[in-house]
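Letter by letter, the chains look like this.
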Amino acid sequence: MTEKYQRNLEALVEKLAVTVERNTGTNAAVTAALKSRTGIFERLHEAVEQAKVETRSLITDLKQHGVTNDQWTRDKLDAAVGRIETILQRIEDLRREVGR
């Protein structure tokens, strides 16, 4: 009876070791995936931030050359910048959610 108990115990310990090993691999994979996703959000945020800077620069150039004399054009350009800022905020919110 003791040998049978010991074999059963050894089998359970082996199963536990395999399970722990699998979980360790899974945890590493999940961690790598989260880091990758966070990196993607950061690169996306940087790209949109650069687009915002370039858009503002374009607006400044247009204003300096008198292209935005009419209110409609100014409103459209301001709306474009506003949309870019909204996109940046959404990306930042998503990045925070991923970091949790």
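Quick caveat: nothing in here was measured; it's all calculated off a predicted structure.

K.L.:
Which residues make up the overall build of the chain, and what values go with them?
P.N.:
On a plain count of helices and strands, the chain comes out with two helices and zero strands. Here the C-alpha radius of gyration of the chain, 28 Å, is well above what a compact globule of 100 residues would show, namely 13 Å. Burial analysis of the chain (100 residues in total) assigns 16% to the buried set. The contacts of the chain with a sequence gap of at least 6 include a subset with a gap of at least 24, amounting to 74%. Just so you have it, the chain exposes about 8,100 Å², and 56% of that area is on carbon and sulfur atoms. Here the chain holds 17 positive side-chain charges and 16 negative ones, and the gap between their average locations is 5 Å.

K.L.:
Talk me through the nonpolar core; I want residue IDs and the actual numbers.
P.N.:
The biggest cluster of nonpolar side chains holds six residues, and these are Phe41, Val48, Ile84, Leu88, Ile91 and Val98. Counting residues per element, this core draws most heavily on helix 2 (residues 71–99), which supplies four residues. Not counting the four nearest positions on each side in its chain, isoleucine 91 is found in contact with Phe41, Leu44, His45 and Val48.

K.L.:
Lay out helix 1 (residues 2–64) with the relevant residues and their values.
P.N.:
Taking 1.5 Å as the rise per residue, helix 1 with 63 residues should run 93 Å; its terminal C-alpha atoms sit 92 Å apart, in good agreement. Where helix 1 is concerned, the buried positions are Gly39, Phe41, His45, Val48, Lys52, Thr55 and Ile59. Just downstream of helix 1, glycine 66 is the residue with a positive phi angle, here 75°.

Cut-offs and rules
- Residues numbered from 1 in each chain as written.
- Predicted model: local features only at pLDDT ≥ 70, side-chain atom pairs only at ≥ 80, totals over all residues.
- Heavy atoms only, no water.
- Helix = DSSP H or I, 4+ residues; strand = E, 2+ residues; numbered from the N terminus.
- Rg over C-alpha atoms; globule rule 2.2 N^0.38 Å.
- Buried < 20%, exposed > 50% of the residue type's maximum accessible area, 1.4 Å probe, protein only.
- Contact = heavy atoms within 4.5 Å.
- Areas by Shrake-Rupley, 256 points an atom, 1.4 Å probe, with all protein chains shown as cover.
- Lys, Arg positive; Asp, Glu negative; His and termini not counted.
- Charge placed at Lys NZ, Arg CZ, Asp CG, Glu CD.
- Core = buried A, V, L, I, M, F, W, Y, C linked by side-chain atoms within 4.5 Å.
- Expected span 1.5 Å × (residues − 1).

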